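Structure at a glance
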Amino acid sequence: MSGSASEQPEPSATAASAGAVEPVMPPATPAPADEPLPRPATWTVKPPDAPWCPEGRLDAILARLEPAVAARFRDRVAHARVEHAEGHGRHATSEAWTVTAAMRRGRRHAHTGAWSDDAFFASLSSHRGVLVVADGAGSATWSRLGSAIAVDVAGESLRNATDVSAEAMHEAVERAVLALRNVATALEVAPRELRTTLLAVAWEPDGTRHRLVTTQVGDGSLVLAHADGTINRPAAGDGGEWSGEVHCFVPDDETMTRARAATVVHDVPDLAALLLVTDGIDDPCYPFPRFAGPILGQLLHGTTAPLTGLGVQVNAPSVITAADPAAALHAWLGFEKRGENDDRTLAVALHTTASHVIPPWAPSTSA
Amino acid sequence: MTTRRLPVYILADVSGSMQGTPIESVKSGIRQLHRDLLGDPQAIESAYLSIITFGNNATQMVPLTEVAMFNPPELTASGTTNFGDGLRMLLESFDRELVRTTADQKGDWRPLVFVLSDGAPTDTEWPTYAQQLRERRPANIIAVACGDQADVNVLKQVTENVILMQEMTPDAFKAFFAFVSASVKQTSQKVGAVADGSAITLPPPPPGITIVP
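Residues numbered from 1 in each chain as written. Chains lettered and ligands numbered in written order. Predicted model: local features only at pLDDT ≥ 70, side-chain atom pairs only at ≥ 80, totals over all residues.

1. Let's talk about the overall build of chain A
Filter applied, for reference: Under the scheme used here, helices are H or I runs from DSSP no shorter than 4 residues and strands are E runs no shorter than 2 residues, and both carry numbers assigned from the N terminus. For every residue, the other C-beta atoms within 10 Å of its own C-beta are counted; 20 or more classify it as buried, 12 or fewer as exposed, and values in between as partly exposed. C-beta atoms are placed from the backbone. Two residues qualify as being in contact provided that their C-beta atoms, derived from the backbone, are within 7 Å of each other.
Looking only at helices and strands, chain A features 14 helices and eleven strands. Burial status across chain A gives 50% buried among its 367 residues. Sequence-distant contacts, at least 24 apart, represent 69% of the contacts inside chain A between residues at least 6 apart.

Here it is as structure tokens:
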């Protein structure tokens, strides 16, 4: 912990005077080579110290959002300590579907007392489901507001759209872009300071089939699982030669070009599950389509052995049949893998057939 | 799946003109950087350090090594300033040590390189390698011109990020390595969002060090 680290000699504080303490060393060598090294630091957890929404700017933000969006944003600000610090989850069921979503603050942000930059939206009725996840860019000052507003605006737009179509998806993304630009104006910052990724799906039953629309701007993964076990990832994530380099975020100028190119309407006869993740899950589980089946197996049937690639995982019963599935998913998101300390968000929709067609995951099943 | 690394390369001039206080200051600066990074769990898990020196020839004194296993090298200064061989060794180390993203594997983070030089190159090959580094942008490079003999225009051909350390005092080197440490910590904190390679933001340089426009 940080306390044990501070018991060691303070390297920076004593470095300047070390030459005087050990006269044999010339003054040009402030930190003698044989001085014992500090013990490597370990992770700590701190609550966020800054306000989630900048103080004194709330009224300006509310004035620039549509009234319904503004009302929900006001609620979100009031509950930020609960929903955007350690994380939270949602769970809903309908006759044919179950949706569960959770966000967990990463160890990096917990250690420095920063807010999570991730956000999600989940809604389910008898005739439509909507899932949206977003990851605010770490380099953007107000990206946590960007991801939160983007999932809300795009999610509500899809929930209220007259149909599940490419046009409905384009409108949802476009509304998110406009909302983020308006908030940037209210904060007197460039729109890039609200940059966020956005992954969204809306689906409806159509007889025995399902009609879906999906899109993606930035990194992360969105996949469909079919009854025969095949996994379909409709849009490739935005990435390059090196890790973590995204070319386009919401609300950049190219957002709509990217979103239109990535929007796919599906007519699926055997839809079993939908899975959306931010890069906090997508990066350790790369390439994601290979991990999607095993992850769904763990969520449905329980974790009996750590999944290769996810580092240290705690055994646990099924997330979906737990008394509190949202809390169980939040716990599942706590796997520990070296170097993978980003915020993690996962949203899953499971058809009633899923537990029959998706098998449990066991180590003999190759990931 | 292996750990994704933030590779950090220090390319240090160890020509004869660095003898005495400058080389001792670089050595203690590297030790200070190492101690500093041991205090940051994200750096312990993801930052990997390599030290390459150039005098008459270039040598990779320490291959890319995780913070917890790193041993600061013994450095001695002598000979000419074979800057070209240093840049060649840097490019060769990239090819040998770095993992790029493929269909099956997530790559490392884009490497962070700090170049220190107090003089002008004595070789003729350096412009070829400088051009490769500038055009292919395989790394985020920060070059520091140490003292008034360093050729800022040479460093400008390697990277647009050139800073000037006016006086080669122990305090100036110490401040520079504190800046290196802050840059590594900041980059490893914000790795989720470095867009388009060239656009990294660095901490403000310390007093006594100025950014060359």
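2. Here's the deal with the environment of Q166(B)
All names here are of chain B. By the element assignment, Q166 lies in the loop between β6 (162-165) and α6 (170-189). You can call Q166 partly exposed: it has 13 C-beta atoms within 10 Å. C-alpha of Q166 to C-alpha of D148: the two residues are 18 residues apart in sequence and 6.3 Å apart in space.

3. Quick word on the environment of A78(A)
Considering the arrangement of structural elements, one finds A78(A) in helix α5 (residues 67-78). Put simply, A78(A) and R209(A) are 131 residues apart on the chain and 41 Å apart in space, counted from C-alpha to C-alpha.

4. Side note on the sheet that holds strand β2 (residues 97-104) of chain A
All names here are of chain A. Stated precisely, the cut-off is as follows: At least two DSSP bridges between two strands are needed for those strands to be called paired. Whenever a helix is involved, its axis is fitted only over the stretch in contact; in every case the axis is a line through C-alpha atoms, and angles between N-to-C directions fall within 0 to 180 degrees.
Strand order in the open sheet formed by six strands is β1-β2-β11-β10-β7-β8, with antiparallel pairing between adjacent strands. Because the sheet does not close on itself, it has two edges, and the strands there are β1 (87-93) and β8 (231-232). Sheet analysis places strand β7 (residues 221-226) next to strand β10 (residues 271-277), joined by six bridges and oriented antiparallel. Within the sheet, the bridge partner assigned to V223 lies in β10 and is L275. Relative to the sheet, helix α12 (residues 288-301) contacts β7, β8, β10 and β11 (344-351), its axis offset from that of β7 by approximately 65 degrees. Sitting on the sheet, helix α13 (residues 325-332) is in contact with β1, β2 and β11, with an inclination near 135 degrees to β1.

5. Examining helix α9 (residues 166-187) of chain A
Along an α-helix, residues three or four apart share an orientation, since each turn contains 3.6 residues. Rules: Expected helix span is computed as 1.5 Å times (number of residues minus one).
Between its first and last C-alpha, α9(A) extends 32 Å over 22 residues, near the 32 Å set by a 1.5 Å rise per residue. Backbone geometry just after α9(A) places E188(A) at a positive phi near 55 degrees.

6. Here we look at the confidence of the model for chain A
Close reading of the predicted structure is inappropriate where its pLDDT is low. Quick reminder of the rule: pLDDT is a residue-level measure of predictor confidence that goes from 0 to 100.
Across chain A, the average pLDDT comes to 89, with 90% of residues at or above 70. Taken as a whole, residues 1-31 of chain A scores under 50 in pLDDT and shows 47 contacts with residues more than four places along the chain or in a different chain.

7. Some details on the pairing of strand β6 (residues 209-217) of chain A
Residues and elements named next belong to chain A. For β6, the buried fraction is high: seven of the nine residues fall into the buried class. Relative to β6, strand β5 (residues 198-206) is paired through nine bridges, and the arrangement is antiparallel. Looking at β6, one finds that A200 is bridged to T215. Here β5 folds back onto β6, and the loop between the two strands holds two residues, one of which, G207, carries a positive phi near 65 degrees.

8. Digging into the packing of α5(A) against helix α8 (residues 143-160) of chain A
Residue and element names in this part refer to chain A. For clarity, the cut-off: Here the angle decides the label: under 35 degrees means roughly parallel, over 145 means roughly antiparallel, 65 to 115 means roughly perpendicular, and every other value means oblique. Crossing handedness is read from the near helix: turned anticlockwise from the far helix by less than a right angle, it gives a left-handed crossing, and turned clockwise, a right-handed one.
Orientation of α5 relative to α8, taken along the N-to-C sense of each, is 135 degrees, at an axis distance of 11 Å. Accordingly, the angle class assigned to the pair α5 and α8 is oblique. Crossing angle aside, the handedness with which α5 passes α8 is right-handed. Facing α5, whose interface residues are V69, R72, F73 and R76, α8 presents A148, I149, D152 and V153.

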